[in-house]
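One-letter residues, chain by chain:
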Amino acid sequence: MNINRLAEEYVVMRKKNSWQYIILSLKVKKRCSSCLSRMRPRYKRLVDNIFPSVPQDGLVKNNMEKLTFYALSSPEKLDRIGEYLFQKASRDISRKRNEFVMIAMEAMDQLLVACHAQTLNLFVESYLRIVQKLLESSEPSLQILATQSFVRFSNIEEDTPSYHRRYDFFVSKFSSMCHNNNPNLVTMEMIRMAGIKGIQGVIRKTVSDDLVENIWEPVHMDKIVPSLLFNMHTMKSKTDIVVESGISEEVNDKTDSFSLAESCLRELIGRASFGHVKSVIRPVLKHLDAHHMWVPNVFATQCFRILMFSIQSQYSYAVVETLMTHLDENGNASPKIRTSIADVLSKIIAIAANESVGPTVLEIINSLLTNLRTSVTRRPPSNTGLSESDGENEYREALIHALGEFAAHLPDYQKIEIMMFIMSKVPQFKSSNNPNDLHVQRMCLKSLLMVSTKYSSVQMNATFPQSFLDLLLKTLTASEDEIRFIVLRILHTLLDRHNNASKLSKATVNITKSEINLEKCSRSDTIFIRKHAQDIYVSIYESLEMTNNTVENVEAVYTTLALICIELLSEETVLDFIRLILSIQELAITNAVLSTQQKFHLHGLVISIMLLVAIVTDLHPLKDYVEKVIEQRKLLSATHLLPELSVHNEVKSSSLLPAGVLIEEPELTEALKASGIDITTETGPVLAHRRSWVENTNMSMKGSFTDLSNLDLDSVNSTPAMQRRFSPNEDLSFEAMKRSLLDNPVVRVEQNTRQTQLCDMFRNTSFQDLVAISTASKDEESLHSKITDVFNKVDISNKLSAVETTNQPIPIYETLFPELFAF
């Protein structure tokens, strides 16, 4: 029966309205549908055939292979296949037929993997519409299904770039899934993990394709980064969820949301270029600020360590720079917050140190020093009731610690540059009444001390460049005792190459050579000490002249001198060092300003260093003599002149010293001669006055007293008509002066009184009065009177007559300037 006859019978039966009409209509409908199906496009028939009659049977694999072969053979049909699959999946979603939806997604996934044609972009558009449709549903299973499919899609490398594809919806949706709060803990965990995986897929798909939407824009980063941090901070571990829910472990994924979020954050920062690093760091800082996660800073430290270890190494310093900028922006925040930020900085800055070069190093150091100076000058609000030091000290210590950690991982040559840079930032002044200036100087020196502890000295000429040494020694003579103490500690760390500083922290006369790590002084070190000994010794001497020196200061000077003795002394330079020691002893005897206790400390310092010199240089006669002096001090109850340095309340005066308790010049000379050191002189004393080692800067320092003793440092003889004010036969040796002081205490008291009065006069009298006093009795010695005497002695009339009698022409200057030669 053909179709025409069926149609005629259908019309007749419809008019009769009989039961046969129903049977015939079914036959017609079946035959028409069969014909219509043959007329439908092939791609639709192939798509329809992949769906089974019963959804539980799953995808029909044989028909799926036919559909895949058709798509590969006719790639221009891909976009239509995708559109048709989207229509069927949308209809199934609306009818809640989730099984058929899953079959459609599986077919989509297989087509994506199999096809790489240029027209795949149009098929992807249909695919993404299906994924978006699933994500918009309220079914967690469909959301997870869409996420899994999208992750598989993100791993596919497309042959052609896309020009109009956007992922802003996926970023927003996946980020919201990361904050899911489903009451079922298992469902919540699964949805959150799906959201994190989706974000990871978006990152992979967009970072490598420059033509798609820029994922690094703030509108996207402000959603992605906080979502990851939220899961890293708040989500419970998988074990806790399993215990609370009572389900088996197979239900969960292999990882928990915390680990997955951390992995995603690592991948995100690892793919960031230099221009995009700050795009990731800024949302991190915003999140920590908004949720008050700086105090305590455990999570903040963890986040930044993850960033530092995941970023490309050449960009790591950009993280440090951004964090330091954030610290500057929080200058008005509470000290606890700033301290926490600085602490995080100190824990990550070492990671960036290895990759920082050139100006970057100094830029970081300068920023840290700027924050230190700002902290010193900061004043708390008056209504807070806080003192200036509340929290600020911890903040400053954190900055100094960060500076030290940064310097510790730099090469030595950069550490020297950093120390020179810091030293150039230290305010240079002898004294200041401004407490902020002193505090800035103190903080900068503490920073320098921290860097110096990370440096290992090899050669002193490399450790102490000229400009650095000059500034350091200049600061050593500052009026503040704490500042001098810090400078001495810096010298300890830089001089100590053999770990002897801890053994020499206190002055002692009970040290042996076996306790010290010794190494022969190299030629370069000998040249260094010969070149710079004058400046170093003068600075140390002037620091000991300060009246506010404490026991700690004197002991620090002892450690400095001891390290110089161990590291730098040789037979060529030992005599100048001994001269410094004797000058310190003379300072303890003659200075009228130092207290009695300070003089006792200097005597203990002198005897300890002199003994150490004898031990280090193996001068046994000198050692025997020093030990003899030590025993003499013990026998004559002068133990207050020995270490340990302390306050000696039982001794009231230092003007009377028993004979034999000081280091005497004749005995010292004999000991040095016995040790094989030639110090013989033709005339004058062996030891000149206390500043003799710096009187002549052009003098060659060869370690011999002969060169110094033969020098006539008084320039009076070179001036005509000037006479010395003392007899050449007068004995002005050190020994003669000491005998005059020890033999006649009354004279000593009178001299001290006169010296005190003279000091008071020059301190309190105005300049005009001092000029009048100094010139009142010297009119006859003025320049005018001397010139008059000279001209009076010349017989001018005889010279004029002699000129007239000769035929010599008159000089031109007398012709041009006759008024100057009129007599």
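Every value quoted in this text rests on a predicted model; they were computed, and no experiment measured them.

Rules behind the numbers
- Residues numbered from 1 in each chain as written.
- Predicted model: local features only at pLDDT ≥ 70, side-chain atom pairs only at ≥ 80, totals over all residues.
- Heavy atoms only, no water.
- Axes fitted to C-alpha atoms, helices over the stretch in contact; angles between N-to-C directions.
- Helix = DSSP H or I, 4+ residues; strand = E, 2+ residues; numbered from the N terminus.
- Parallel < 35°, antiparallel > 145°, perpendicular 65-115°, else oblique.
- Left-handed = near helix turned anticlockwise from the far one by under 90°.
- Contact = heavy atoms within 4.5 Å.
- Nonpolar A, V, L, I, M, F, W, Y, C, P; charged D, E, K, R; others polar.
- Salt bridge = Lys/Arg side-chain N within 4 Å of Asp/Glu carboxyl O.
- Buried < 20%, exposed > 50% of the residue type's maximum accessible area, 1.4 Å probe, protein only.
- Polar contact = N/O pair within 3.5 Å; in protein donor to acceptor, adjacent residues only side chain to side chain.
- pLDDT = per-residue confidence, 0-100.
- Core = buried A, V, L, I, M, F, W, Y, C linked by side-chain atoms within 4.5 Å.
- Phe/Tyr/Trp six-rings, centres within 6.5 Å; stacked < 30°, edge-to-face > 60°.
- Lys NZ or Arg CZ within 6 Å of the ring centre and 35° of its normal.

Participant: Whenever I open this one, the packing of helix 7 (residues 120-136) against helix 9 (residues 168-177) confuses me. Can you help?
Facilitator: Two measures define how a pair of helices packs: the angle their axes make with one another and the distance between the axes. Interaxial distance between helix 7 and helix 9 falls to 11 Å at its minimum, and their mutual angle equals 30°. Between helix 7 and helix 9, the angle is such that the two are roughly parallel. Helix 7 and helix 9 meet at a crossing whose hand is left-handed. For the pair helix 7 and helix 9, contact is made by Leu128, Val131, Gln132, Leu135 and Glu136 and by Phe169, Phe170, Lys173, Phe174 and Met177, respectively. Residue composition of the contact of helix 7 with helix 9, by class: seven nonpolar, one polar and two charged.

Participant: Is there a simple way to think about the pattern of salt bridges in this case?
Facilitator: Think of it this way: side chains of opposite charge can pair up when their charged atoms draw near. Counted by the stated rule, this structure contains 19 salt bridges. Here Arg129 ties to Glu83 by a salt bridge, and the two come within 3.0 Å at their closest N and O atoms. Linking Arg129 in helix 7 with Glu83 in helix 5 (residues 78-94), this pair joins segments that are 46 residues apart in sequence. The class for Glu83 is partly exposed, based on a relative accessible area of 26%. With a shortest N-O distance of 3.2 Å, Arg271 and Glu267 are connected by a salt bridge. According to the relative accessible area criterion, Arg271 is partly exposed, its value standing at 35%. Three or more residues joined by partner-sharing salt bridges are found here, namely Arg204, Glu267 and Arg271.

Participant: Quick question: what am I supposed to make of the side chain of Glu567 here?
Facilitator: Tracing the backbone shows Glu567 in helix 26 (residues 551-568). For Glu567, a relative accessible area of 2% corresponds to the buried category. Here the side chain of Glu567 touches Arg497 through a polar contact of 3.1 Å, side chain to side chain. Setting aside residues no more than four positions away along its own chain, Glu567 makes contact with Leu495, Asp496, Arg497, His498, Asn500, Cys521 and Asp525.

Participant: For this particular structure, what's the right way to read the confidence of the model for the protein?
Facilitator: When pLDDT drops low, the exact placement of atoms in the prediction is not to be read closely. Across the protein, the average pLDDT comes to 78, with 72% of residues at 70 or higher. Confidence drops under a pLDDT of 50 for residues 236-254, and excluding neighbours within four residues, the segment shows 23 contacts in the predicted structure.

Participant: Explain the nonpolar core to me, please; I cannot follow it from the model alone.
Facilitator: Core analysis: the biggest nonpolar cluster contains 210 residues, and Phe150, Phe304, Phe464, Phe577, Ile578, Leu605 and Leu622 have the highest contact counts within it. If one sorts the elements of this core by residue count, helix 28 (residues 596-616) sits on top with twelve residues. Not counting the four nearest positions on each side in its chain, Phe577 is found in contact with Tyr537, Leu561, Ile564, Cys565, Leu569, Ile609 and Val613. Counting residues in each nonpolar core, the second largest holds seven residues, with Phe600, Ala638, Val661 and Leu662 among its members.

Participant: Any chance you could explain the packing of aromatic side chains here in plain terms?
Facilitator: Any aromatic ring pair is given by two values, namely how distant the centres are and how the planes are angled relative to each other. One pass over the full model with this rule turns up 16 aromatic pairs. The interplanar angle of 90° and the centroid separation of 6.4 Å between the aromatic rings of Tyr43 and Tyr84 together place this pair among those described as edge-to-face. With a gap of 41 residues between them, Tyr43 in helix 3 (residues 42-49) and Tyr84 in helix 5 connect regions that are remote in the sequence. For the pair formed by Tyr43 and Tyr84, the shared burial category is buried. Taken together, the aromatic side chains of Tyr127, Phe150, Phe153, Tyr167, Phe169, Phe170 and Phe174 make up a single cluster linked through ring pairs. Positioned over the ring face of Phe51 is Lys88, at 4.8 Å from the centre of the ring. Lying across the ring of Phe153, Lys205 places its NZ or CZ 4.4 Å from the centre.

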